[in-house]
Amino acid sequence: MKITVIGAGNVGATAALRIAEKQLAKEVVLIDIVEGIPQGKALDMYESGAVALFDTCVIGSNDYKDSADSDIILITAGLARKPGMTREDLLNKNAAIIRDVTIQVMKYSRNPIIIMVSNPLDVMTYVARKTSGLPKERVIGMAGVLDAARFRSFIAEALNVSMQDINAFVLGGHGDSMVPVVKYTNVAGIPLTELLPQDKIDAIVERTRNGGIEIVNLLKTGSAFYAPAASAVEMIEAIVKDRKRILPCTTALEGQYGIDNVYCGVPVKLGKNGVEQILEINLSPSELEALQKSAAEVKENCNSLAALLA
Ligand SMILES: NC(=O)C1=CN([C@@H]2O[C@H](COP(=O)(O)OP(=O)(O)OC[C@H]3O[C@@H](n4cnc5c(N)ncnc54)[C@H](O)[C@@H]3O)[C@@H](O)[C@H]2O)C=CC1
Ligand SMILES: O=C([O-])CC(=O)C(=O)O
C-alpha cells in the first residue's frame, strides 16, 4: 500500500504522521510546492518511528514522480482561511491549485482513490473528479466525519459520557448550511432527544455548524488540523482495511435525496473500492429541505468554475 499526501502543511503533515503511526501503508509520500518542507517533515516523522515503533517509510518530495503508483492520494494542498473569511472565499484560488495538483497526480498513478480535504470541500472534490476523470466512487471528500466528530465531542461533554458511545450524522455541504441530523444521533442506542432538552440540543447543533470558524478565531493564523487529519485517516483506514464502515462522506449524488449531479455529504459505505454504496436514510421534510438547499449552494459554486474546468 502506497499513500501520497499532497500538501505538507498542518493537515497534511498531521495526517501523514497518523498514517505512518498506524502503519496503514508501507510507504507514505508527502509532497508540497515549498522546497525542503516535505523533505524535512518526512525525515523527522521517519526518525520518530524508532521510538513510536513503526516501520512505515516516509518520504518527502517536491516531485510528483515520487507519488507514482499510489493507491490512495490525500489532497490537503491550498489555502486555509483566517478570521473574517468563509470557506467560499478560498474558492477560486484553491480550485486552480486542486486542478493543477490533480493533473500532476494523475500523470503518475493510474487508478488511485483520491480523498479531498481542501476547502471549499464539496466543490474541490468536484474539481478533482472532473479533472481526474476517475469513477465517482474513487473521489471522496472528507467533511462529514469531522463535523460528526465535533457533534459527538460536544454531546460527550454535555452528558459526561464516552465519545465512543455516541453515533451522530452530519450531512450536506461542509459549510454554514451543513445538516446535523438529530433524529439519527444516539448515545449507545438511546436517542439524543431522550437525554438532552431541546434547547441544549439546538445549542450543540449550532456550535457544530460553527465548529470550523470557532477554531479559526482561536488560532487566528489558520484553521483546525488535528481533528481534520484524524477524520481523513479514519476514512483511509476504512479503505485500506476494507472495513465497509458507514461514514458520512462527500460523494457524487445522482438522484439520491432528490439531488442530482452534485457533490454532497451523505452516509456511505467505505471499503477497498472507495464509496461502495450510498445510503438513503429517511429524513424529516425539514432535514431533506436543508440538505437540498445545501446541495444547491454547492452546485452554484461548481457552476461558477465552468471556465476553469472547460
Ligand atoms: N475538509 C475539511 O473539513 C477541512 C479542510 N481544510 C482545508 O485543508 C486545506 C489545508 O489546510 P492546512 O493544512 O491547515 O493549510 P496549510 O497552509 O497548513 O497547508 C497547506 C499546504 O499546501 C501547500 N500548497 C499550496 N499550494 C500547493 C500546490 N500547488 N501543490 C502542493 N502543495 C501546495 C502549502 O505550501 C502548504 O504547505 C485548506 O484548504 C483548509 O481550508 C482544513 C481543515 C478541515
Ligand atoms: O474551518 C475551516 O476553514 C477548516 C474546516 O473546514 C474545518 O475546520 O471545518
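Since this is a predicted model, take the numbers as computed values, not measurements.

### Some details on the overall build of the chain
Part 1 of the argument: Scanning the chain for helices and strands turns up 10 helices and 12 strands.
Part 2 of the argument: In terms of overall size, the chain behaves like a compact globule, its C-alpha atoms giving a radius of gyration of 19 Å where 310 residues would be expected to give roughly 19 Å.
Part 3 of the argument: Expressed as lengths along the three principal axes of its C-alpha atoms, the size of the chain is roughly 55 × 50 × 40 Å.
Part 4 of the argument: Taking all 310 residues of the chain together, 48% fall into the buried category.
Part 5 of the argument: Pairs at least 24 residues apart make up 69% of the contacts formed inside the chain by residues separated by at least 6 positions.

### A look at the site of ligand 2
Part 1 of the argument: Neighbouring ligand 2 are 13 residues; Arg81, Asn119, Gly212, Ser223 and Ala224 lie closest to it.
Part 2 of the argument: Considering every element that reaches the shell around ligand 2, the biggest residue donor is helix 7 (residues 211-219), with five residues.
Part 3 of the argument: Classifying every residue of the shell around ligand 2 by side-chain character gives six nonpolar, five polar and two charged.
Part 4 of the argument: Counting residues domain by domain, the shell around ligand 2 receives three or more from each of domain 1 (2-142) and domain 2 (144-309).

### Digging into the domain arrangement of the chain
How big an interface is tends to be stated in terms of the accessible area lost upon association of its parts.
Part 1 of the argument: You can read the domains of the chain as domain 1 (2-142) and domain 2 (144-309).
Part 2 of the argument: Spacing between the C-alpha centres of domain 1 and domain 2 amounts to 21 Å.
Part 3 of the argument: Listed by partner, the interface residues are 39 residues for domain 1 and 39 residues for domain 2.
Part 4 of the argument: Going through the elements one at a time, helix 1 (10-21), strand 4 (72-75), helix 3 (91-108), strand 5 (113-116), helix 4 (121-132) and strand 6 (139-141) are the ones with two or more residues in the side of domain 1 that touches domain 2.
Part 5 of the argument: The greatest single-element share of the side of domain 1 that touches domain 2, amounting to eight residues, is contributed by helix 4.
Part 6 of the argument: A per-class count over the side of domain 1 that touches domain 2 returns 22 nonpolar, four polar and 13 charged.

### Examining the UniProt feature "binding site: substrate" (unreviewed entry) in the chain
Part 1 of the argument: The sites that carry the UniProt feature "binding site: substrate" (unreviewed entry) are, in the present numbering, Arg81, Arg87, Asn119 and Arg150.
Part 2 of the argument: If you trace the backbone, Arg81 turns up in the loop between strand 4 and helix 3.
Part 3 of the argument: A tally of 18 C-beta atoms within 10 Å means that Arg81 is categorised as partly exposed.
Part 4 of the argument: Non-local contacts of Arg81, meaning those with residues more than four positions away in its chain, are made with Arg87, Asp89, Leu90, Val216 and Ser223.
Part 5 of the argument: Locating Arg87 in the fold gives a position in the loop between strand 4 and helix 3.
Part 6 of the argument: Taking the C-beta count within 10 Å as the criterion, Arg87 has 26 such neighbours and is therefore assigned buried.

### Regarding the site of ligand 1
Part 1 of the argument: Close contacts around ligand 1 come from 34 residues, with Gly9, Val11, Ala77, Asn119 and Pro228 the closest.
Part 2 of the argument: Elements supplying a minimum of two residues to the shell around ligand 1: helix 1 and helix 3.
Part 3 of the argument: Per-element accounting of the shell around ligand 1 gives the leading share, four residues, to helix 3.
Part 4 of the argument: In this structure, the shell around ligand 1 is formed jointly by two domains, domain 1 (2-142) and domain 2 (144-309), each of which donates at least three residues.

### As for the pairing of strand 1 (residues 2-6)
Part 1 of the argument: A large share of strand 1 lies buried, amounting to four of its five residues.
Part 2 of the argument: As paired elements, strand 1 and strand 2 (residues 27-31) share five bridges and run parallel to each other. Bridge pairing links Val5 to Leu30 in strand 2.
Part 3 of the argument: Note on the crossover from strand 1 through helix 1 to strand 2: the handedness is right-handed.
Part 4 of the argument: The sheet contact formed by strand 1 and strand 4 spans four bridges and is parallel. Along strand 4, the bridge assignment pairs Thr4 with Ile73.

### Details of the UniProt feature "domain: Lactate/malate dehydrogenase C-terminal" (unreviewed entry) in the chain
Part 1 of the argument: UniProt records the feature "domain: Lactate/malate dehydrogenase C-terminal" (unreviewed entry) at residues 146-306, using the numbering of this structure.
Part 2 of the argument: With 43% helix and 27% strand, the stretch residues 146-306 has end C-alpha atoms that lie 29 Å from each other.

### What to know about the nonpolar core
Part 1 of the argument: With 93 residues, the main nonpolar core has Ala16, Leu74, Ile75, Ile115, Met235 and Ile236 as its most contacted residues.
Part 2 of the argument: Element by element, the count of residues in this core is highest for helix 8 (residues 226-240), at eight residues.
Part 3 of the argument: Formed jointly, this core draws a minimum of three residues from each of two domains, domain 1 (2-142) and domain 2 (144-309).
Part 4 of the argument: Contact partners of Leu74, with chain neighbours within four places excluded, come to Ile3, Val5, Ala15, Ile115, Val117, Ala232 and Ile236.

Cut-offs and rules
Residues numbered from 1 in each chain as written. Chains lettered and ligands numbered in written order. Predicted model: local features only at pLDDT ≥ 70, side-chain atom pairs only at ≥ 80, totals over all residues. Helix = DSSP H or I, 4+ residues; strand = E, 2+ residues; numbered from the N terminus. Rg over C-alpha atoms; globule rule 2.2 N^0.38 Å. Buried ≥ 20, exposed ≤ 12 C-beta atoms within 10 Å, placed from the backbone. Contact = placed C-beta atoms within 7 Å. Near = placed C-beta within 6 Å. Nonpolar A, V, L, I, M, F, W, Y, C, P; charged D, E, K, R; others polar. Domains from an automatic or database assignment. UniProt positions renumbered as here; feature names shortened; annotations may be inferred. Pairing = 2+ DSSP bridges. Right-handed = clockwise from strand over helix to strand, strands pointing away. Core = buried A, V, L, I, M, F, W, Y, C linked by C-beta atoms within 7 Å.

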